[in-house]
Amino acid sequence: MVVAILHPPAFHSLPTIIHCASKGKRSRKQYWQQKQKQISQAKNTSFSSYPKSSPTPLLTSPKPTAQTKFQALDSVIKDLETSIQNGITVDTEIFASLLETCYQLKAIDHGIKIHRLIPTNLLRKNKGITSKLVRLYALCGLIDEAHQLFDQMSTRTTFAFPWNSLISGYAELGQYEDSIALYFQMEEEGVEPDQFTFPRLLKACAGLGLIRVGQKVHRDAVRFGFGYDGFVLNALVDMYAKCGDIVKARRIFDKITCKDLISWNSMLTGYIRHGLLVEALHVFRGMIQNGFEPDSVAISAILANVSSCPLRIGAGAQIHGWVLRHGVEWNLSIANSLIVVYSNGEKLDQACWLFDHMPEKDVVSWNSIISAHCKDPKVLMYFEQMERDGILPDHITFVSLLSACAHLGLVKDGERLFSVMREKYGINPRVEHYACMTNLYGRAGLIDEAYRMIVEKMEFEASPAVWGALLYGCYVHGNVDIGQIASQKLFELEPDNEHNFELLMGIYRNAGRLEDAERVERMLADRGLEL
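What counts, and where the lines are drawn
- Residues numbered from 1 in each chain as written.
- Predicted model: local features only at pLDDT ≥ 70, side-chain atom pairs only at ≥ 80, totals over all residues.
- Heavy atoms only, no water.
- Helix = DSSP H or I, 4+ residues; strand = E, 2+ residues; numbered from the N terminus.
- Buried < 20%, exposed > 50% of the residue type's maximum accessible area, 1.4 Å probe, protein only.
- Polar contact = N/O pair within 3.5 Å; in protein donor to acceptor, adjacent residues only side chain to side chain.
- Contact = heavy atoms within 4.5 Å.
- Expected span 1.5 Å × (residues − 1).
- Lys, Arg positive; Asp, Glu negative; His and termini not counted.
- Salt bridge = Lys/Arg side-chain N within 4 Å of Asp/Glu carboxyl O.
- pLDDT = per-residue confidence, 0-100.
- Arc of directions from axis to C-beta.
- Axes fitted to C-alpha atoms, helices over the stretch in contact; angles between N-to-C directions.
- Parallel < 35°, antiparallel > 145°, perpendicular 65-115°, else oblique.
- Left-handed = near helix turned anticlockwise from the far one by under 90°.
- Nonpolar A, V, L, I, M, F, W, Y, C, P; charged D, E, K, R; others polar.
- Phe/Tyr/Trp six-rings, centres within 6.5 Å; stacked < 30°, edge-to-face > 60°.
- Core = buried A, V, L, I, M, F, W, Y, C linked by side-chain atoms within 4.5 Å.

Under an unreviewed UniProt entry, the chain has the name Pentatricopeptide repeat-containing protein and belongs to Melia azedarach.

**A closer look at the side chain of H110**
Structurally, H110 is set in helix α6 (residues 108–117). Overall, the relative accessible area of 11% leaves H110 in the buried class. Engagement of the side chain of H110 in a polar contact is seen with the side chain of D74, the distance being 3.2 Å. Each residue touching H110, except ones within four places of it in the same chain, is listed here: F70, L73, D74, I77 and C102.

**Overview of helix α12 (residues 197–208)**
Between its terminal C-alpha atoms α12 stretches 17 Å, which fits the 16 Å expected from 12 residues at 1.5 Å a residue. Every buried residue of α12 is accounted for by T197, F198, L201, L202, A204, C205 and A206. Of the surrounding elements, those touching the buried residues of α12 are α10 (161–172), α11 (176–188), α13 (211–223) and α14 (230–242). At the C-terminal side of α12, G209 shows a positive phi close to 70°.

**A closer look at the side chain of E329**
Looking at the secondary structure, you find E329 in the loop between α19 (313–325) and α20 (332–344). An unpaired buried charge is present at E329: no salt bridge exists, and R325, the closest side chain of opposite charge, is 11 Å distant. Those residues within four positions of E329 in sequence are excluded, and the remaining contacts are V323, L324 and A335.

**Description of the environment of N164**
Inspection of the secondary structure assignment puts N164 in helix α10. Its relative accessible area of 5% is what places N164 among the buried residues. Taking C-alpha positions, N164 is 9.2 Å from S179, a pair spaced 15 residues apart along the chain. Among the polar contacts listed, one links the side chain of N164 to the side chain of D194, at a separation of 2.9 Å.

**Overview of the environment of K489**
Within the element layout of this structure, K489 appears in helix α29 (residues 480–493). Sequence separation between K489 and G468 is 21 residues; the distance between their C-alpha atoms is 9.3 Å.

**Focus: the confidence of the model for the chain**
With 86% of its residues at a pLDDT of 70 or more, the chain shows a mean pLDDT of 85. Of the regions scoring below 50 in pLDDT, residues 1–29 engages in 17 contacts with residues more than four places distant in sequence or in other chains. Per-residue pLDDT stays below 50 along residues 42–61; that stretch engages in 10 contacts with residues further than four places along the chain or on separate chains.

**Concerning unusual backbone geometry**
Despite not being glycine, K106 shows a phi value in the positive range, around 55°. With respect to the helices and strands, K106 occurs in the loop between α5 (92–105) and α6. Backbone geometry places E346, a non-glycine residue, at a positive phi of 60°. Position of E346 among the secondary structure elements: in the loop between α20 and α21 (348–357). Residue classification places E346 among the exposed residues on the basis of a relative accessible area of 74%.

**As for α5**
For α5, spanning 14 residues, the distance from its first C-alpha to its last is 20 Å, which sits close to the expected 20 Å at 1.5 Å a residue. Residues F95, A96, L98, L99 and C102 constitute the buried set of α5. Angularly, the buried residues of α5 cover 165° about the axis, an arc narrow enough to put them on a single face. Exposed residues lying more than 90 degrees from the buried face of α5 are E93 and Q104. Here the buried face of α5 lies against α4 (69–85), α6, α7 (120–125) and α8 (127–139). If you check the start of α5, you find a side-chain oxygen 2.9 Å away from the backbone N of E93, and it comes from D91. The positive-phi residue at the C-terminal boundary of α5 is K106, with phi of around 55°.

**Some points on the packing of helix α23 (residues 378–388) against helix α24 (residues 395–408)**
In contact at an axis separation of 10 Å, α23 and α24 are set at 155° when each is read in the N-to-C sense. Regarding the angle of α23 to α24, the classification is roughly antiparallel. When you trace α23 past α24, the crossing you get is left-handed. Residues V379, L380, F383 and M386 of α23 form the contact with α24, whose own contacting residues are T397, F398, L401, A404, C405 and L408. The residue makeup of the contact of α23 with α24, split by class, is 9 nonpolar, 1 polar and no charged.

**Observations regarding the packing of aromatic side chains**
Within this structure, the stated rule accounts for 16 aromatic pairs. Note on F198 and F226: the rings are 6.0 Å apart at their centroids and 45° apart in plane angle, and the pair reads as tilted. Here the residue F198 occupies a position in helix α12, and F226 occupies one in the loop between α13 and α14, the gap between them amounting to 28 residues. In terms of burial, F198 and F226 fall into one category: buried. Aromatic side chains F355 and Y382 sit 5.8 Å apart centroid to centroid with 80° between the ring planes, which places their arrangement in the edge-to-face category. Linking F355 in helix α21 with Y382 in helix α23, this pair joins segments that are 27 residues apart in sequence.

**Some details on the nonpolar core**
Grouped together as the largest cluster of nonpolar side chains are 147 residues, with contacts concentrated most on F95, I118, L268, I302, I319, F398 and L470. Among the elements that take part in this core, α14 stands out by supplying 8 residues, more than any other. Leaving out residues up to four positions away in the same chain, F398 has contacts with F383, P393, L417, V420, M421, Y425, I427 and H433.

**A word on the packing of α6 against α8**
The contact between α6 and α8 brings their axes to 10 Å, and the two run at 150°. Regarding the angle of α6 to α8, the classification is roughly antiparallel. Handedness of the crossing formed by α6 with α8: left-handed. Across the interface between the two elements, I108, G111, I112 and H115 of α6 pack against L133, L136 and Y137 of α8. Tallied by class, the residues present in the contact of α6 with α8 amount to 5 nonpolar, 2 polar and no charged.

Here it is, written out as structure tokens:
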């Protein structure tokens, strides 16, 4: 930046006046009075020939606004484009540095612009630049573009970096087969994997549940010297747990000398996935004792497991205590999970208190409190409040509402909500909604309406849940004819479910048809089933 320094005009007449004023002998007072008068006249005279000055831009310009990282990157790319247009050769390191910045910022649009500026011959011969582009495209989900660049590389067998980028990109998109296929291709081309290859690959094995492939990858990791790498061990715990071998997962977990948060979370979620709540709680306590705080995902997962067993409400209360001590009680997912824990444990007051005091609510919060009131007339009040608050219900909301209407005998409200779901919110009924409506009509004794809904209104084949709801309604209200139809469908769909045989026997006995009841009992015995 060039700054011009502006000098003020010189007072040429002032020294002469002052000099003349010094001649002669006058009193000190007269001297200073005349001097001040002369200085004032000199100022007026000397400035009269100059235009009125204006403030310099340096003093009045506003401070430049701070650029964001993306704006700064934009500016650099524009300068780069100008330099190339002017015939200036750009150093390879500049392209590499900019692509690294794009990767850190996930700035795919900027990366594409830089890609267009890189000479084709440089891309062909410089594997480092191409590898960074492959990684950027793979990270941002442009996996086809990444693979195309990868295929154009003249040399890709000397290091694992571009292979890792593609394996990771496919795994992140859930295209696990492609990740594993790339690893086998990597082997065929003689590329040696590094410590970053195996965690990504094990994620793909876990996603597909391929424990045999996972075991092979485990052996390869050991063979290449990465058997005790922390990232690899964490991935192995996750892989074995997701593939069903929770014992092996625990064995590897115990081998990790320096466990981090990922290690603990992997083992915790593994136990939760297998329904081993006692072991999960043990790991949860171990995390805390070792100074690691479980994240909201882990806490929500363990609370969900607790909520599935109302007898373990005490464990949920202990976790709630820890949550309160650490000030995360209003984390949205944790608060939602706690509502479910208390409602399933028949602690409706605590569930309502939590819901009422939540600073933020989402559709899951409303679904949780509506489900908690499945046998309480207040359920409709909560739905009305949900609508007033502008929260859009989803299909789960209406499953809970229709189920509540069935248990409470609110036929008209159930029919109205079924219509609102379709016409106001555009939610197409699923099998769960039809099961609830069948249950609603069946419990109310409207068996014919329930049967007509199944055979005339359903757009797809009825599931065992739908026919089961109809059969139960027939059992309660003694409808033999439709009960026989429903039971026959269920015998085809669930041949080993003894409960269906029991309901049909009950229908026959209540109707005084004891021979038919005995025939069904023999059918049950012939299938090796017992009541």
